[in-house]
Every structure is written in C-alpha cells, then in structure tokens.
Amino acid sequence: GGGAAAADGGAWGFSGWAGHDKVMNCPRCQAPFSMTFRRHHCKQCGGLVCDDCSRHRVRLPKFPTAGKVRVCDECARGRAEERAVDCEEDLIANTEIIKEIQKALKKAH
C-alpha cells in the first residue's frame, strides 16, 4: 500500500526512492532492470536491489506491525549474526542460572 510517501521510502524512514526509477541496473549484481525484473528496496538499509539480491524476508524491530519484509542479502546476514550472538549470550546466562539452581538444590538436600 501507499501513495507517494511509500513510493519515495517515507513510510520506511527513507527518502529518494522515487529517483531510483532511473537506475538501469541492480547496484549490487549489475543485472538489468526491466518490466518483469523489477526494482526493490531493502527495508533495513533502504538500498536499491533486485529480487535476486533480496531473497530474505525478516521481521524488523523498528516496524513490529509490518510482518516479514524484504531485506537485502547483506542485511539478512547481519541480522543472522546478531541473532546468533544473542543466542550465545542467552545460553551462557542460562548455563549460569542452572549452575546456581543446582548449587541451591544441593544445599537444600
């Protein structure tokens, strides 16, 4: 959905997207845009991309109600790395909690 602001990226916190209709090739892979091979935008970084360079759909914390949205491969990799680090940190914290519970249980028995 959405009108001129959406077409120019305003709905996603970006501007200048309207000028991208003059870009003839994907800036990432140089594939030529056409009527069937269309221009898209990463909703994370705002970059102009083709479909091949933006296969991922993710939920963005800054747009919680938008559902899963298109992101470029670069941003998708970055988000995956962030999630992996978060999981590692959670695992370390949970391991410490389990050790404390085990100590408390040993004292109680």
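Residues numbered from 1 in each chain as written. Predicted model: local features only at pLDDT ≥ 70, side-chain atom pairs only at ≥ 80, totals over all residues. Heavy atoms only, no water.

**Student:** Which residues make up the overall build of the protein, and what are the values?
**Tutor:** If you tally the helices and strands in the protein, you get two helices and four strands. Along the chain direction, N to C, the helices and strands of the protein fall in the order α-β-β-β-β-α. With the C-alpha coordinates aligned to their principal axes, the bounding extent of the protein is approximately 75 × 30 × 20 Å. When each of the 109 residues of the protein is scored for burial, the buried share is 26%. Nonlocal contacts in the protein, meaning residues at least 24 apart in sequence, comprise 29% of its contacts between residues at least 6 apart. (Helix = DSSP H or I, 4+ residues; strand = E, 2+ residues; numbered from the N terminus. Buried < 20%, exposed > 50% of the residue type's maximum accessible area, 1.4 Å probe, protein only. Contact = heavy atoms within 4.5 Å.)

**Student:** Before we move on, can you summarise helix 2 (residues 73–108) with the specific residues and values?
**Tutor:** An ideal rise of 1.5 Å per residue puts 52 Å on 36 residues; helix 2 measures up with 52 Å between its terminal C-alpha atoms. Along helix 2, the residues that are buried comprise Cys-75, Ala-76 and Arg-79. (Expected span 1.5 Å × (residues − 1).)

**Student:** Any chance you could break down a negative patch on the surface for me, citing the residues and the numbers?
**Tutor:** There is a patch of like negative charges on the surface, built from Glu-81, Glu-82, Asp-86, Glu-88, Glu-89 and Asp-90. Within the secondary structure, Glu-82 is located in helix 2. (Patch = residues over 30% accessible without salt bridge, like charges linked within 9 Å, V, L, I, M, F, W, Y side chains within 5 Å. Areas by Shrake-Rupley, 256 points an atom, 1.4 Å probe, with all protein chains shown as cover. Salt bridge = Lys/Arg side-chain N within 4 Å of Asp/Glu carboxyl O. Lys, Arg positive; Asp, Glu negative; His and termini not counted. Charge placed at Lys NZ, Arg CZ, Asp CG, Glu CD.)

**Student:** Describe a nonpolar patch on the surface, with residues and values.
**Tutor:** A cluster of nonpolar side chains, Ile-97, Ile-101 and Leu-105, forms an exposed patch at the surface whose accessible area comes to about 280 Å². Its location among the elements puts Ile-101 in helix 2.

**Student:** How would you sum up unusual backbone geometry? Please name residues and give values.
**Tutor:** At Gln-30, a residue that is not glycine, the phi angle is positive and equals roughly 70°. Structurally, the position occupied by Gln-30 is in the loop between helix 1 (3–7) and strand 1 (40–41).

**Student:** I'd like to hear about the packing of aromatic side chains, residue by residue, with values.
**Tutor:** Within a pair of aromatic rings, the relevant descriptors are the distance that separates the centres and the angle that separates the planes. The final tally for this structure, using the stated rule, is three aromatic pairs. Judged by centre distance (4.8 Å) and plane angle (75°), the ring pair of Trp-12 and Phe-63 falls under edge-to-face. Note that Trp-12 is positioned in the loop between helix 1 and strand 1 and Phe-63 in the loop between strand 3 (56–59) and strand 4 (68–71), a separation of 51 residues in sequence. Across the pair, Phe-63 and Trp-12 agree in class, each one buried. The ring centre of Trp-12 lies 5.5 Å from the NZ or CZ of Lys-43, which sits over that ring. (Phe/Tyr/Trp six-rings, centres within 6.5 Å; stacked < 30°, edge-to-face > 60°. Lys NZ or Arg CZ within 6 Å of the ring centre and 35° of its normal.)

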